[in-house]
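Residues per chain are reported as follows:
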Amino acid sequence: MNEEVRRILEKNSRGGADVLIPVLQEIQEIEGYLSPEIISEVSRSMGIAENRIYSIASFYDQFSFVPRGRKHIRVCSGTACHVNGSEAVVNEIHKQIGIKPGARTKDGWFSLETVPCMGACSLGPVVEIDNKHFSHVTAEKIRNIIVTHREEEEEL
Ligand code: FES
């Protein structure tokens, strides 16, 4: 376990559920995401059941349970977005960069996650990349968005 994470857990071992969110925020800041191993450590160290940690953390958009790439793509899979074609968007992303939801590309550039309703149903399908929102996304539109983000990679 990362030394910084160990220190955070030692410092907060008696804090209980009251300090769980800030603890998870600090750990995610260091680790980039909340792995199953980290959730187990948090559970053991703070005496909170793993399923309770998952249930609390998954309520907040800010937490990720998959390793994130430098460009983290979130596709809404809520009902309205699904009806309007979010699955075709996910399939196109898979075709373009070769990953399915919950994965990261080998070069670490892109990661992909499907998430529940993002609260903009009339604009669906909705996609978010690096806190920027794209609305009425189609397969063609996501293809262009990915090309633009790939160009950023090549510029580095
Ligand atoms: S279902 Fe996608 S924003 Fe609500």
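Residues take numbers from 1 onward in each chain, read along the sequence in its written order. Under the rules for a predicted model, residues below a pLDDT of 70 receive no local features and side-chain atom pairs below 80 are neither given nor counted, while totals for whole chains, interfaces and linings still include all residues.

Our next topic: the nonpolar core. Side chains of a nonpolar character, in soluble globular proteins, are inclined to be buried together. Working definition: the nonpolar core is a set of buried Ala, Val, Leu, Ile, Met, Phe, Trp, Tyr and Cys residues, joined through C-beta atoms within 7 Å. Neighbour counting defines burial: a residue surrounded by 20 or more other C-beta atoms within 10 Å of its own C-beta is buried, one with 12 or fewer is exposed, and intermediate counts give partly exposed, using backbone-placed C-beta atoms. Core analysis: the largest hydrophobic core is formed by 16 residues, its most contacted members being I73, V75, V89, I93, V126, V127 and I142. Secondary structure elements follow DSSP: runs of H or I of four or more residues count as helices, runs of E of two or more count as strands, with numbering from the N terminus. When residues of this core are assigned to their parent elements, the largest contribution, four residues, is made by helix α6 (residues 86–97). For every residue pair, C-beta atoms are placed from the backbone, and the pair is scored as a contact if these atoms sit within 7 Å. Not counting chain neighbours up to four residues away, the residues in contact with V89 comprise V75, P125, V127, V137, A139 and I142.

Moving on to the domain arrangement of the chain. Domain delimitation follows an automatic or database domain assignment. Each assigned domain of the chain is listed here: domain 1 (3–57) and domain 2 (71–155). Placing a centre on the C-alpha atoms of domain 1 and another on those of domain 2 gives a separation of 29 Å.

Before going further, it helps to spend a moment on the sheet that holds strand β4 (residues 127–129). What makes two strands pair is DSSP finding at least two bridges between them. Read across the open sheet, the five strands follow the order β2-β3-β1-β4-β5; overall the sheet is mixed. Whereas interior strands pair on both sides, the edge strands pair on one side only; in this sheet they are β2 (103–104) and β5 (132–134). Bridge count for β4 against β5 is three bridges, and the pairing is antiparallel. Along β5, the bridge assignment pairs E128 with H133. Only the stretch in contact is used when a helix axis is fitted, and all axes are lines through C-alpha atoms; the angle between N-to-C directions ranges over 0 to 180 degrees. With respect to the sheet, α6 is in contact with β1 (71–76), β3 (110–115) and β4, its orientation differing from that of β1 by roughly 155 degrees.

So, on to the environment of E87. Residue position: E87 is located in helix α6. Expressed as a C-alpha distance, the spacing of E87 and M1, which sit 86 residues apart in the sequence, is 37 Å.

What follows is about the pairing of β1. Extensive coverage of β1 is indicated by the burial of six of its six residues. Side-chain alternation along β1 places K71, I73 and V75 on one buried face and H72, R74 and C76 on a second face that is also buried. Across six bridges, β1 lies against β3 in parallel orientation. Within β3, the residue paired with K71 across the bridge is F110. Relative to β4, β1 is paired through three bridges, and the arrangement is antiparallel. Following the sheet pairing, V75 is matched in β4 by V127.

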